[in-house]
Structure formats: C-alpha cells, structure tokens
Amino acid sequence: MGCDGGSIPKRHELVKTQKAAERPDSRSLLLVAWFFCTLSKRPLEAPVVADMLGKLYNKDAVLEYLLNKGAFGDGDKICSHITSFKDVTTLNFTPNPTFTTKDIPNSIIVSATAEKPLVAQFICPVTQKEMNGKSRFSYIQTCGCVFSEQAFKEVPSTTCLKCGKEFGADDVVPINSSQPKEISRLQARVEVVKAERLREAEEKRAAKKAKKEGKKQKAITGAVSAGTEKVGTGSGSGSDGEEVGKKRKRTDDDAKAVAKKLAAAARSNINMNLPDLSEVGKPGSDAIKSLYCKKDKNGLVRQEGTYLTRGTFTRFAASF
C-alpha cells in the first residue's frame, strides 16, 4: 500500500502535478510544411502555388476551394485571405534530377518514421540545395522563381537570376517562415496589398462611371446643338431666312384652308334634311302598297311596282 515502511513512494505518486504540454514531432511538421499541400493535405504536385504568407498549395486544391469554400473543412481557417488567383503566385521550381516518383511519401506516419531521408522534388538553381525544409527558401512574387536564402546572399541582384525579371526587396517572400517578426511583416503586407487592390478597383469603377456620364452628356449636347442650328436656320436674318419663313407661312395657310373645307363639309352632312318617315308603316301608305303586285282584268301581274316586286319573283309569278 505504501507508507508502511515497506516501500518508499515517489513524489509524483503522492502529489498530482500538471502534465507537460505535448509537443508535435518536429519532423512531422517539417514534412507537412514542405512536402504536402497546406489545404488538401495531399503531396505537393506541380503546378504548385504560394500565397503571400509563404504557404505552399497544389493549384487544383486552391481552384477547388475558390469554387466551393466548403470543400475543405478547415479551409476558412487556413486560407481565408485567398479570395482569387490574384492572391497566389504560381511557383517556377527547378526540378531535382535525383528525385523519382517513388520518393513521394504515402503518408505522414511513414515519412516520419522512415530512416532514409526524403529526396526533395525541387532544388535551388544556384546553390543546388534541396528544398526539404533544412534550408531557408524564398520565392520572388513578380516571377515565381524559387531560390535558397544563401543564393540571395551570395549573388545579390535586383533582377531574377533565372528569368531576368526585375524585383524589389518586398517582392521576396520566405517560404514556410517560422520567425514571428517575419510572419507579422507578411501579414501586414497582405493587408496593404488588399487595400491597394480595393482602391484601384474603386478608381476603375469611378473612371468607368465618369466615362459613361461623359458620353451621355456629349450626346445631349450634340442633340441640343443640332436643334439650335435647325431653329436658327429657319428663323435667321437675311434672304434665306425670310424665304424659309414665307414658305412655312404658305404651308400653314394651305393647311388651315383645307381644315376649314373639311369642317364645312362635315357640318353640311350633319345638317342635311332627313326623309319624312311619319307615313311609313301605316296601312294605307304608299310604301306598304308598293310591296304588293297589281293584276289586270285578265289576271296577269303588271310590271309596275317598286324594286321589291321586280326581278325574278315577278317573272316567276307571271309565268303561271
């Protein structure tokens, strides 16, 4: 049981102490950062892109994330600052001639427990160092070429040693940096770049709107000028203006005369005498009598009468 003289207990058996925080394996972290995509956790395969913080991604994984933000469970925590392909740079690597596809690790556990060191896919074109996490590497944001930090120190230049494009000190982004000051600087630069892009977008929208308003105002001014010239030509001083004014006056007089004639004709039709219909419909009226045929003494139908009793019916009746 202890404390009975037969055994001597240790301190951790009598006093509850706080357990030390578990630390992840450094080799596993190294493999994850330099050999696997930060977003999809799959092995890095060309084309590879890097964000402005220096994290490495497979380009197809970034595309899948931009199309569907829920494609990866922790995508909003890992790369929420990536909103378009403008936020990443396609890296221009130098392939390692000693690398084969068999060297690609199948899992983090196998890679972490492997006795043989992993062969990196890419190397520095200047120092020939492998990009396996043991040496610091950086990429140039303007062209995407990747070099070791030793290459920048040994061959200082403002132009890329691989493609010849110019770059500045702010365009060199360290890959998978672990220094807090450097990470803070990169995060601040991300905010500055985002603000600059937003300002440029606002200026473009304002310029486009101003251009559209200018075209509209120009069209209105042109229409007003055309109307002013037309009015000035019709009522200007001189012989041409007087002649045009006379023609216009004659045309107006002719139109008024025609309108008066039409109005008089309409009034005459309205005031015309209507026939007397008071006798129509009475039994002894001429209209009723004209509907019937008259026969002579021999019983033959006479041809006299109105249009109602003439024609086919009359000839048919006369044939009997």
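Residues numbered from 1 in each chain as written. Predicted model: local features only at pLDDT ≥ 70, side-chain atom pairs only at ≥ 80, totals over all residues. Heavy atoms only, no water.

Caption draft 1: Main features of unusual backbone geometry. Omega for the peptide link from A46 to P47 comes to 5°, which places this bond in the cis form. Phi is positive for Q128, which is not a glycine, with a value near 65°. Here Q128 shows up in the loop between β5 (122-123) and β6 (137-140). (Helix = DSSP H or I, 4+ residues; strand = E, 2+ residues; numbered from the N terminus.)

Caption draft 2: Inspection of the pattern of salt bridges at higher detail. One pass over the structure, following the stated rule, counts 9 salt bridges. Between R136 and E149 there is a salt bridge, with its nearest N and O atoms 2.2 Å apart. Of this pair, R136 sits in the loop between β5 and β6 while E149 sits in helix α6 (residues 149-154), placing them 13 residues apart in sequence. Given a relative accessible area of 32%, R136 falls into the partly exposed group. A network of salt bridges, in which partner residues are shared, links R136, E149, K153 and E182. (Salt bridge = Lys/Arg side-chain N within 4 Å of Asp/Glu carboxyl O. Buried < 20%, exposed > 50% of the residue type's maximum accessible area, 1.4 Å probe, protein only.)

Caption draft 3: Examining the side chain of D51 more closely. Along the polypeptide, D51 turns up in strand β1 (residues 48-51). No salt bridge is formed by the buried D51; its nearest oppositely charged neighbour, K55, is found at 7.4 Å. Among the polar contacts made by the side chain of D51, one reaches the main-chain amide nitrogen of L53 at a distance of 3.1 Å. Engagement of the side chain of D51 in a polar contact is seen with the side chain of H81, the distance being 2.9 Å. Dropping the residues within four chain positions of it, D51 is found in contact with Y57, H81, I82, D87, V88, Y139 and V173. (Lys, Arg positive; Asp, Glu negative; His and termini not counted. Polar contact = N/O pair within 3.5 Å; in protein donor to acceptor, adjacent residues only side chain to side chain. Contact = heavy atoms within 4.5 Å.)

Caption draft 4: Examining the pairing of β6 more closely. Residues F137 and Y139 of β6 are buried on one face, and the alternating residues S138 and I140, pointing to the opposite face, are buried as well. With 3 bridges connecting them, β6 and strand β7 (residues 146-148) associate as antiparallel partners. For Y139, the partnering residue across the bridge sits in β7 and is V146. Hairpin connection from β6 to β7: 5 residues lie between these consecutive antiparallel strands, with G144 at a positive phi of about 85°. (Pairing = 2+ DSSP bridges.)

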